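# Structural features, examined
Each chain is listed here by its residues.
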Amino acid sequence: MAVTRTFSIIKPDATRRNLTGAVTKMLEEAGLRVVASKRIQMSEDQAKKFYEVHAERPFYGELVDFMTSGPVVVQVLEGEDAVKRNRDVMGATNPADAEDGTIRKTYAESIEANSVHGSDSDENAANEIDFFFSKDEIVG
Ligand code: CDP
Ligand code: MG
């Protein structure tokens, strides 16, 4: 299995509850290494662009409001099969459907305030990493 990278966001519901370390610990225990990390306040423009793929979905406006409601921690994660590894430890989008031991089952408040984002493909991971990080901010 190849070592690859994925992109993660610790969402405002988690930073508000001071869960940055707790979430990161679960990522690390799942075999992922944080090779870049920064705490930012996402602008409305950034959130709109980042979630552009969902622009036609009914939850888009609220999602943009939520993602800009407080600080987030954007991260680049590295590990074997990183995209899938991260999606597995994140759990299902809706915490009610997430398996025990996943981040969303453990910490998410709702289907919207679900504590973490994770890329869903290698191609999207590369694009999302580029969206938030310059090359010299990533140290593997
Ligand atoms: O984050 P994930 O890839 O699991 O789910 P998504 O389908 O790509 O949706 C992106 C984000 O939109 C979710 O993580 C939720 O924060 C939000 N969402 C929502 O508020 N209501 C829904 N019915 C579905 C998603
Ligand atoms: Mg998604």
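Report follows, based on the coordinates.

Another aspect to go through is the pattern of salt bridges. Tallied over the entire structure, the rule returns ten salt bridges. Here arginine 17 and aspartate 13 are joined by a salt bridge, their closest N and O atoms 2.6 Å apart. Ionic pairing is found between glutamate 44 and lysine 48, a salt bridge with its closest N-O pair at 3.0 Å. Linking glutamate 44 with lysine 48, this pair stays in helix 3 (residues 44-50), spanning four residues, or about one helical turn.

This part takes up the packing of aromatic side chains. Taken as a whole and judged by the stated rule, the model has six aromatic pairs. With 5.0 Å between their ring centres and 85 degrees between their planes, phenylalanine 50 and tyrosine 51 make a pair best called edge-to-face. Exposure remark for tyrosine 51: the relative accessible area of 6% places this residue in the buried category. A centroid spacing of 4.9 Å and a plane angle of 80 degrees characterise the contact between phenylalanine 131 and phenylalanine 132, whose relative ring orientation is edge-to-face. We classify phenylalanine 132 as buried; its relative accessible area is 7%. Each residue in the set Phe7, Phe50, Tyr51, Phe131 and Phe132 is aromatic and connected to the rest through ring pairs, giving one cluster. Against the face of phenylalanine 133 rests lysine 38, its NZ or CZ located 4.7 Å from the ring centre.

Cut-offs and rules
- Residues numbered from 1 in each chain as written.
- Chains lettered and ligands numbered in written order.
- Predicted model: local features only at pLDDT ≥ 70, side-chain atom pairs only at ≥ 80, totals over all residues.
- Heavy atoms only, no water.
- Salt bridge = Lys/Arg side-chain N within 4 Å of Asp/Glu carboxyl O.
- Helix = DSSP H or I, 4+ residues; strand = E, 2+ residues; numbered from the N terminus.
- Phe/Tyr/Trp six-rings, centres within 6.5 Å; stacked < 30°, edge-to-face > 60°.
- Buried < 20%, exposed > 50% of the residue type's maximum accessible area, 1.4 Å probe, protein only.
- Lys NZ or Arg CZ within 6 Å of the ring centre and 35° of its normal.

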